[in-house]
Amino acid sequence: MAPEEKAQIAVVPATADRFDDIARVLNPSGREQACWCMHWRAPAKEDVTTRGARLRALTEEEPAPGMLAYLDSGEVAGWLGFSVRSAARSLQRSRVLPVGEPETWPTTWVFMCVTVRAGFRRQGVARALLDAGVDYAAAHGATALEAFPVEPEDGRRVPVSAAFVGTVAMFERAGFDRLAPTDATSGRLTRWHMRREIVPA
């Protein structure tokens, strides 16, 4: 795609009928122990080989566990994973990320993962996913959104292996405020606590 062209992007909830597209983004090589955006949702003792099946089960529930982005060609381009804090079990036990107040967990949503497929990056896919994710969370009763992205050092690009958590600038563009650095890292980069309050319509 030429630099002056803008991709037409549609973002929809990741429902069970789209699970094959979820797999194309999250586990294109068919790895048995892939993350499947389930780390924060996992119980204390988990069988990692069941993550795909557990995510499939979540896609059959409401609200959906994430969003999918499609280009106008119909090709799936990216994924945004999120959860209410009350369902993010391992996050509730974290020693390096703030866990928040338990009474707020049911209405605070956490944006976990932003994944854009190779060949579709730098076309506005992540921005479209975040904007749609904010609207979806608000429509499902969220009063606050949180994320824990990284900030590149000295303007350098974030390594692909660390980019799934998103960047501070990406979330700032989506209306999130930077609160404080955390003790967590991704790709040796500090993860920041970011938050956006939802104003009722």
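In this report, the structure presented in the accompanying data block is examined. (Residues numbered from 1 in each chain as written. Predicted model: local features only at pLDDT ≥ 70, side-chain atom pairs only at ≥ 80, totals over all residues. Heavy atoms only, no water.)

**So, the packing of helix α1 (residues 19-26) against helix α2 (residues 51-59)**
Two elements in contact, α1 and α2, have axes separated by 11 Å at closest approach and are oriented at 135 degrees. What the angle tells us is that α1 and α2 run oblique. Considering the relative orientation of α1 and α2, their crossing is right-handed. Two secondary-structure elements touch here, α1 through F19, I22 and L26 and α2 through G52, L55, R56 and T59. (Axes fitted to C-alpha atoms, helices over the stretch in contact; angles between N-to-C directions. Helix = DSSP H or I, 4+ residues; strand = E, 2+ residues; numbered from the N terminus. Parallel < 35°, antiparallel > 145°, perpendicular 65-115°, else oblique. Left-handed = near helix turned anticlockwise from the far one by under 90°. Contact = heavy atoms within 4.5 Å.)

**What about the environment of V96?**
Positionally, V96 belongs in the loop between α3 (89-92) and β4 (108-116). The contacts of V96, once residues within four sequence positions are left out, are T182, D183 and A184.

**Details of the pattern of salt bridges**
Counted according to the given criterion, the structure contains 10 salt bridges. Ionic pairing is found between R85 and E146, a salt bridge with its closest N-O pair at 2.7 Å. Within this pair, whereas R85 is found in the loop between β3 (76-84) and α3, its partner E146 is found in strand β5 (residues 144-147), the two being separated by 61 residues in sequence. Like E146, R85 is buried. One salt bridge connects E151 with R178, and the closest N-O pair in it is separated by 3.0 Å. Of this pair, E151 sits in the loop between β5 and α5 (168-173) while R178 sits in strand β6 (residues 177-186); the two residues are 27 residues apart in sequence, bridging distant segments of the chain. Among the residues examined, E151 registers a relative accessible area of 32% and is labelled partly exposed. (Salt bridge = Lys/Arg side-chain N within 4 Å of Asp/Glu carboxyl O. Buried < 20%, exposed > 50% of the residue type's maximum accessible area, 1.4 Å probe, protein only.)

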